[in-house]
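Coordinate analysis (summary)
The chain contents come next:
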Amino acid sequence: MSSLTSYLLLSALIFSIGLAGALTRRSAILVLIGIELMLNAANLNFLAFWRYGPHPEALTGIMFAIFSISIAAAEAAVGLGIILAVYKHRRTTDVSTMNSMKG
Amino acid sequence: MTVPFLILAVLTVVGTVAAMTLRNLIHCVLALTLSFAGLAALYLQLGAQFVGFVQILVYVGAVAILAVFVIMMTRGAGPGLHPIFSSFWTVGSLVAAGVFAILAWAICASNLSSRILPPQTEAAVRPIGDALMHQYVLPLEIMGLLLTAALIGAVVLAMQEKRRTP
């Protein structure tokens, strides 16, 4: 098994664990954390393909990873802000009780 | 597959599983920082020094601490919700397992394993900065705009609502 294959398998495993967490946990904060883990798995894929690609000097994988990290940071800030707003309104962070969009 | 990769992979996967299964939310975030640090070490091992340190700064330093703040402000610390998994957790786990099976099958069936490691290229910070300032300057500006919008949006969302006066 080559090294690139093992990196890709590790990334797929992290992605699946994050997906399972985002789909099954009841706390909204952990759902957001699961999405962060999925984004991190995608970053690992970008960097592995950059390292094993034919033109590593082009830096495309690194650029994609940097922009993906910035997007993930913005998403985390806005997501946690939404969770705070929902908590102030409904006094819970349980996603199974958040079933109406009208306040 | 080398020994450092195996150690880092086990560390990262253990941290990820613990972050998704523990009951106390604070413990979940602590396990999550372990997982993020393991991923940063994997990035460093791939030769992407800048991304590795950015990962530590942004994820371990900012996102995890932000999550801890939100957990404290929503009183999520302590035992938390009584059943930690939702009622349809079997379906969710099955979907995730299916996704992993399909991804692993696609990776193992491809001819990627014949790819040999190219010689180590130095991804120093200077070429990254050059590329950001010349080739990728428009995406960089758009990213700045997006981060500003996200900052304002997060502040507006989390701001105390003023009681309307008639």
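Residues numbered from 1 in each chain as written. Chains lettered and ligands numbered in written order. Predicted model: local features only at pLDDT ≥ 70, side-chain atom pairs only at ≥ 80, totals over all residues.

1. A look at the overall build of chain A
Stated formally: Helix and strand assignments follow DSSP, with helices taken as H or I runs no shorter than four residues and strands as E runs no shorter than two, numbered in order from the N terminus. Two things to know: the radius of gyration comes from C-alpha atoms, and the globule rule equals 2.2 Å times the number of residues to the power 0.38. Exposed residues have 12 or fewer other C-beta atoms within 10 Å of their own C-beta, buried residues have 20 or more, and partly exposed residues fall in between, where C-beta atoms are placed from the backbone.
Counting secondary structure elements, chain A contains three helices and zero strands. Tracing chain A from N to C terminus, the helices and strands come up as α-α-α. The C-alpha atoms of chain A give a radius of gyration of 17 Å, which is well past the 13 Å a tight globule of 103 residues would have. In terms of overall dimensions, chain A has a C-alpha envelope of 55 × 25 × 15 Å along the principal axes. Counting across all 103 residues of chain A, residues that qualify as buried make up 54%.

2. Quick notes on the environment of Leu112 of chain B
Convention followed: Contact between two residues is assigned whenever their backbone-derived C-beta positions fall within 7 Å.
You can see Leu112 of chain B is positioned in the loop between helix H4 (89-109) and helix H5 (125-133). Residues contacting Leu112 of chain B, with those up to four places away along its chain left out, are Leu4, Thr5 and Leu8 of chain A together with Ile107 of chain B.

3. Some words on helix H3 (residues 60-90) of chain A
Since one α-helical turn is 3.6 residues long, residues separated by three or four positions face the same way. As a reminder, the rule being used: Here, expected helix span is obtained from the residue count minus one, scaled by 1.5 Å.
An ideal rise of 1.5 Å per residue puts 45 Å on 31 residues; H3 of chain A measures up with 44 Å between its terminal C-alpha atoms. Positive phi shows up at Arg91 of chain A, right after H3 of chain A, with a value of about 65°.

4. Quick look at the interface of chain B and chain A
The partner chain A presents 59 residues to the 68 residues of chain B that form the contact. Among the elements of the structure, helix H1 (3-21), helix H2 (25-45), helix H3 (49-73), H4, H5 and helix H6 (137-158) of chain B are those that each provide at least two residues to the side of chain B that touches chain A.

5. Considerations on unusual backbone geometry
Residues and elements named next belong to chain A. In the Ramachandran plot, Leu59 falls in the positive-phi region, its phi being about 65° despite a non-glycine side chain. Inspection of the secondary structure assignment puts Leu59 in the loop between helix H2 (28-52) and H3. Taking the C-beta count within 10 Å as the criterion, Leu59 has 22 such neighbours and is therefore assigned buried. Even without being glycine, Arg91 reaches a positive phi, approximately 65°. Accessibility expressed as a C-beta count within 10 Å gives 9 for Arg91, which makes it exposed.

6. Quick look at the confidence of the model for chain B
Where the model shows low pLDDT, its predicted coordinates should not be examined in detail. Filter applied, for reference: Known as pLDDT, the predictor's per-residue confidence is scaled from 0 to 100.
Of all residues in chain B, 87% have pLDDT values of 70 or greater, and the mean over the chain is 87. Across the whole predicted complex the pTM is 0.90, and at the interface the ipTM reaches 0.90.

7. With respect to the confidence of the model for chain A
Confidence in the prediction for chain A averages 88 pLDDT; 97% of positions are at 70 or higher. For chain A, H3 of chain A is the element with the lowest average pLDDT, namely 91, and helix H1 (residues 3-24) of chain A is the one with the highest, namely 93.

8. Topic: the packing of H1 of chain A against H4 of chain B
The criterion, for reference: Fitted lines through C-alpha atoms serve as axes, helices being fitted only where they are in contact, and the angles separating the N-to-C directions of these axes extend from 0 to 180 degrees. If an angle is under 35 degrees, it is roughly parallel; if it is over 145, roughly antiparallel; if it lies from 65 to 115, roughly perpendicular; otherwise it is oblique. For any helix crossing, the convention is left-handed if the near helix is rotated counterclockwise from the far helix by under a right angle, and right-handed if that rotation is clockwise. Polarity classes work like this: nonpolar for Ala, Val, Leu, Ile, Met, Phe, Trp, Tyr, Cys and Pro, charged for Asp, Glu, Lys and Arg, and polar for all others, with Gly in that last group.
As a packed pair, H1 of chain A and H4 of chain B sit with axes 8 Å apart at the nearest point and diverge in direction by 165°. One finds that H1 of chain A runs roughly antiparallel with respect to H4 of chain B. In terms of crossing hand, the pair formed by H1 of chain A and H4 of chain B is right-handed. On H4 of chain B, the residues touching Thr5, Leu8, Leu9, Ala12, Leu13, Ser16, Leu19, Ala20, Leu23 and Thr24 of chain A of H1 of chain A are Trp89, Gly92, Ser93, Val95, Ala96, Ala97, Val99, Phe100, Leu103, Ala104 and Ile107 of chain B. Counted by class, the contact of H1 of chain A with H4 of chain B contains 16 nonpolar, five polar and no charged residues.

9. Digging into the environment of Ala31 of chain B
Its location among the elements puts Ala31 of chain B in helix H2. Separated by 17 residues in the primary sequence, Ala31 of chain B and Val14 of chain B have C-alpha atoms spaced 8.3 Å apart.

10. Looking at the packing of H2 of chain A against H2 of chain B
In contact at an axis separation of 11 Å, H2 of chain A and H2 of chain B are set at 5° when each is read in the N-to-C sense. By the angle class used here, H2 of chain A and H2 of chain B are roughly parallel. Across from Ile29, Leu30, Ile33, Asn40, Leu44 and Leu47 of chain A in H2 of chain A, the residues of H2 of chain B making contact are Leu25, Cys28, Leu32, Leu39, Leu42 and Tyr43 of chain B.

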